[in-house]
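An overview of the molecular structure
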Amino acid sequence: MAVADAHNPGVPMTTAHRTCPICDAVCGLRIDLDSTGAVTSVHGDQEDPFSKGYICPKGASLGRLDEDPDRLRTPLVRENGELREATWDEAFQAVERGLTGVIEAHGRDAVAVFFGNPTYHTMAGFLYRMPLIQSLGSSNVYSSGTIDHMPKHVACGHLYGDPFAIAVPDVDRTDYMLIVGANPMESHGSLFAAPNLPGRLKALRRRGGKVVVVDPRRTRTAAFADEHHFVRPGTDPFLLLGIVHTLLAENLATVTVEANGLDELRELTREFSPEAAERVCGVPAEAIARLARELAEAPTAAVYSRMGGSVVEFGTLTQWLVDVINILTGNLDRPGGTMFTRTAALEVFRTGQPFEWGRWRSRVRGLPEILGELPTATLAEEIETPGEGQIRALVNIAANQVLAAPNGPRLDKAFGQLDFMVCVDPYLNETTRHADVILPPPRIMQMPHYDFLLQIVTVRNYTRFSPAVLPLEPDQRSEAEIMARLTLIAAGAGAGADPSGVDEMFIGQILQGATQMPGSPVEGADVAELRATIEGDDGPERVLDTMLRFGPYGLSLATLKANPHGIDLGPLEPRLKELLCTPSGRVELAPPPIVEDLARLRARAAAPTPDVVLIGRRQLRSNNSWLHNVPSLQGGSNRCTMHINPVDVARFGLGEQAVVRSAVSELVVEVEPNDAIMPGVVSIPHGWGHTGGRQRVAAEHAGVNANALTDESVVDVPSGNAVFNGVPVTVSPYQA
Ligand SMILES: Nc1nc2c(c(=O)[nH]1)N[C@H]1C(S)=C(S)[C@@H](COP(=O)(O)OP(=O)(O)OC[C@H]3O[C@@H](n4cnc5c(=O)[nH]c(N)nc54)[C@H](O)[C@@H]3O)O[C@H]1N2
Ligand SMILES: Nc1nc2c(c(=O)[nH]1)N[C@H]1C(S)=C(S)[C@@H](COP(=O)(O)OP(=O)(O)OC[C@H]3O[C@@H](n4cnc5c(=O)[nH]c(N)nc54)[C@H](O)[C@@H]3O)O[C@H]1N2
Ligand code: SF4
Ligand SMILES: [Mo]
């Protein structure tokens, strides 16, 4: 976009179209900018074939987020204990000194790398993840995956062989949706990418379909649904086993995919009747049995679960059972059930090889690697515990673990002990304040956008590329260049090496693979000749062009640029056969690593139920920890309070504030009596507790850190995932 010379602040001069980068809903936006490059208004893009003009308050505030005066403009480097502004050359040289110093003295495992949630939304986060991991050569790789969705990968890895074979509810065609522990009316969906999920769910009901929600809170989604059941946090596997039990005991199952393990499943679930489930989870047995019958009888149905069934003690069991029910009711891989998206870009993340895990283990607790990562719940102990392989340096990309990880305050202290920490982050916050170097990416309007990862889970096949709206200033660096330079420094090539080499290597690998793949349209072709046909203004564009050309639709960057509102590639189509890569070549309904975990579940059923448990709460005007500095997103219901049932307020004699204690720590939090939450459960949203850093608006509405209460010693065993929902706590009145 060319910005006119005349300065007319506030007067719209140009319009840009781009995908909102904030949440998983991938809404298309129409953005007006004035001659200074400031955003004057943001609307939903009516011409986007997928989002059709939908926008939420966060998208509408994108301009304010983009121009937040607290965003870092220049790199910061620590000198004499203080962070000071520095040039890019100084900053990269400091990174080179810091990383090579640690590697030379302690080896490569002494440097850990962490990829936070926004790396799933940025191009650079996807494109440079593998190159950076490979060039670091450390076994200490972490991401927000293990404080979020790792149980889904593990369940799908064991069921289908492909941990990325994540089926999404075919919401636009289904007749019945059972939502277990997700709140798409406020979160807008997750591992389920669809703009305007509120509208899509309403349409489902309008066409005569049914929505059932299982949640310890009567959320907006629950209130809208046909039916809502309160469930004791962490006990969903009992409910889901009760459904499987009924389907099998009443011969309601119709398995339409080739699968092993049905008899074993029947045997295993015999003891988990709806009556047994009711005692643990609190949902009436007859409702559980009825849900099973309704799921079996509905013309099409989809069971879906997210955070309420993922960041829990039995996340993998829950996610496995969700897919098992979809399979038993004949709904996996058929229209109206749950289906696999076909992305426009080449699916470089799929190996086609059976799921592997446990190739190495965390040093202190011995938890297995999964997808090349170790659990975030082990990070603090790996930094604190001396010995061979101790983590002494951290490359932290887009993550705020002090607020987002279990027992954040322990990480806060651990980060302070590191010999070296470099952060790629636009903010000086609770986590990045520990950095020796902060490398800020440019403004949102200066970043190109392509959803490499979210396009794996869209409810229609769809693609859209958004070039940067505004050019970089001479004193800025693209996030791609920052990541490429980190990759080169980690590889030992130095702070001054040419960053384009990293992209060329990536392109070369894709072309090499395509020319060597039997049956590929370019089998046997000359790589250099193919390379000459690749187009794009910079490295990331050229990589995207390569991935589109060799993707299943044979698109190109030029086609995407010519269609700035996005391209609809049609409804989802069955594709399980092509993804399935278990050693048997069949779906494994009862995979041993998951079935083993039923013993832990049985023990849980026998253990005493905690009097009160803590769960989280996502808020419409928030997104994890990093939108609290935008004034237009503050206020309203977006407040860091504890929701607690009035019955419990009376039982504990609470006033305006309460003390909440867990095995880890305690917090004083504002009490908000709310009858939408079941007795015995309290909810505190995460991402608050803004006490460090330089975010002036957030600091005025600091709130408290819910993850001061969550316990890093407890994980979902098969996945190593953290547990944020169902944390045992006690609640008592606060006396000042
Ligand atoms: N507005 C907004 N949108 C967001 C985000 C945000 O912070 N704000 N974050 C984004 C991210 S990173 C993600 S991963 C997604 C998450 O998307 P969702 O999973 O849809 O969001 P949550 O609000 O965490 O929903 C989890 C639901 O599970 C319930 N729950 C808690 N414990 C249990 C349990 O044991 N069993 C059952 N059945 N239910 C339980 C909670 O009450 C809550 O309603 O949202 C994304 N979108
Ligand atoms: N108690 C509790 N804890 C939770 C959850 C819960 O439900 N309950 N949810 C969990 C979930 S689902 C998730 S995904 C995690 C999130 O965990 P994190 O990813 O660690 O947390 P975020 O708050 O998303 O932090 C994102 C960081 O990226 C920075 N950032 C923003 N945009 C960009 C960008 O374009 N580039 C770069 N380089 N950086 C950027 C922000 O400034 C911020 O520092 O939190 C988890 N923590
Ligand atoms: S729903 Fe998500 S993607 Fe859509 S405008 Fe809101 S924040 Fe952006
Ligand atoms: Mo997440």
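If you're wondering where the values come from, they're calculated on a predicted model, not measured in any experiment. (Residues numbered from 1 in each chain as written. Chains lettered and ligands numbered in written order. Predicted model: local features only at pLDDT ≥ 70, side-chain atom pairs only at ≥ 80, totals over all residues. Heavy atoms only, no water.)

1. Here's the deal with the pattern of salt bridges
Tallied over the entire structure, the rule returns 51 salt bridges. The residue Arg 84 makes a salt bridge to Glu 79 at a minimum N-O spacing of 2.9 Å. You can call Glu 79 partly exposed: its relative accessible area is 39%. Of the charged contacts, one joins Arg 270 and Glu 267 as a salt bridge, the two residues approaching to 2.9 Å between their closest N and O atoms. Through salt bridges with shared partners, one network takes in Asp 162, Arg 342, Glu 347, Arg 350, Arg 575 and Glu 578. (Salt bridge = Lys/Arg side-chain N within 4 Å of Asp/Glu carboxyl O. Buried < 20%, exposed > 50% of the residue type's maximum accessible area, 1.4 Å probe, protein only.)

2. Let's talk about the sheet that holds strand E13 (residues 302-305)
An order of E11-E10-E9-E13 is seen for the four strands of this open sheet, with the pairing classed as parallel. In this open sheet, the two edge strands, each paired with only one partner strand, are strand E11 (227-229) and E13. On average, adjacent strands in this sheet sit at an angle of 15° to one another, irrespective of strand direction. Set on the sheet, helix H13 (residues 285-297) makes contact with strand E9 (176-180), strand E10 (210-214), E11 and E13; between it and E11 the angle comes to about 135°. (Pairing = 2+ DSSP bridges. Helix = DSSP H or I, 4+ residues; strand = E, 2+ residues; numbered from the N terminus. Axes fitted to C-alpha atoms, helices over the stretch in contact; angles between N-to-C directions. Contact = heavy atoms within 4.5 Å.)

3. Comments concerning the site of ligand 2
Contacts to ligand 2 come from 27 residues, most closely from Asn 117, Ala 404, Asp 425, Glu 479 and Ser 625. Arg 618 is positioned with one of its side-chain polar atoms (N or O) 3.0 Å from an oxygen atom of ligand 2. Protein contact buries 96% of the 920 Å² of open area that ligand 2 shows by itself. When its residues are assigned to classes, the shell around ligand 2 shows 13 nonpolar, ten polar and four charged. (Near = heavy atom within 4 Å. Polar contact = N/O pair within 3.5 Å; in protein donor to acceptor, adjacent residues only side chain to side chain. Areas by Shrake-Rupley, 256 points an atom, 1.4 Å probe, with all protein chains shown as cover. Nonpolar A, V, L, I, M, F, W, Y, C, P; charged D, E, K, R; others polar.)

4. Looking at the confidence of the model for the protein chain
Per-residue confidence for the protein chain gives a mean pLDDT of 96, with 99% of residues at or over 70. For the stretch residues 1-5, pLDDT sits under 50, and the model shows ten contacts to residues farther than four places along the chain or on other chains. (pLDDT = per-residue confidence, 0-100.)

5. Quick word on the side chain of His 229
In this structure, His 229 sits in strand E11. Each residue touching His 229, except ones within four places of it in the same chain, is listed here: Val 212, Val 213, Val 214, Asp 215, Val 283, Pro 284, Ala 287, Arg 290 and Leu 291.

6. Observations regarding the site of ligand 3
As a matter of local geometry, ligand 3 sits amid Cys 20, Ile 22, Cys 23, Ala 25, Val 26, Cys 27, Cys 56, Lys 58, Gly 59 and His 188. Looking at the shell around ligand 3 residue by residue, the classes come out as seven nonpolar, two polar and one charged.

7. Brief notes about the packing of helix H10 (residues 236-249) against helix H11 (residues 262-269)
With their axes 9 Å apart at the nearest point, H10 and H11 run at an angle of 120° to one another. In this structure, the crossing between H10 and H11 has a hand that is left-handed. Only Leu 262, Leu 265, Arg 266 and Thr 269 of H11 make contact with H10, whose side of the interface consists of Leu 241, Val 244, His 245 and Leu 248. Among the residues making up the contact of H10 with H11, the classes are represented as five nonpolar, two polar and one charged. (Left-handed = near helix turned anticlockwise from the far one by under 90°.)

8. Looking at the state of the cysteines
Applying the stated criterion across every chain, the model contains zero disulfides. We note that Cys 156 lacks a disulfide partner, and the nearest cysteine sulfur, in Cys 581, lies 11 Å from it. With a relative accessible area of 0%, Cys 156 lands in the buried category. (Disulfide = S-S within 2.5 Å.)

9. Regarding the pairing of strand E32 (residues 727-733)
Summarising the sheet, strand E25 (residues 612-615) and E32 pair through three bridges and their orientation is antiparallel. Paired with Leu 614 across the strands is Val 727, a residue of E32. Direction of pairing for strand E27 (residues 657-661) relative to E32: antiparallel, over a ladder of four bridges. Looking at E32, one finds that Val 660 is bridged to Val 731.

10. Structural notes on the packing of H10 against helix H12 (residues 274-281)
For the pair H10 and H12, interaxial distance at closest approach is 8 Å and the crossing angle is 170°. For the element pair H10 / H12, the angle class is roughly antiparallel. Listed contacts from H12 to Phe 238, Leu 239, Gly 242, His 245 and Thr 246 of H10 are Pro 274, Ala 277, Val 280 and Cys 281. Partitioning the contact of H10 with H12 into residue classes produces six nonpolar, three polar and no charged. (Parallel < 35°, antiparallel > 145°, perpendicular 65-115°, else oblique.)

11. With respect to the side chain of Thr 343
Its place among the elements puts Thr 343 in the loop between strand E14 (338-339) and strand E15 (357-361). For Thr 343, the side chain forms a polar contact with the main-chain oxygen of Ala 345, separated by 2.9 Å. For Thr 343, the contacting residues outside a window of four places in its chain are Gln 455, Ile 456, Pro 552 and Tyr 553.

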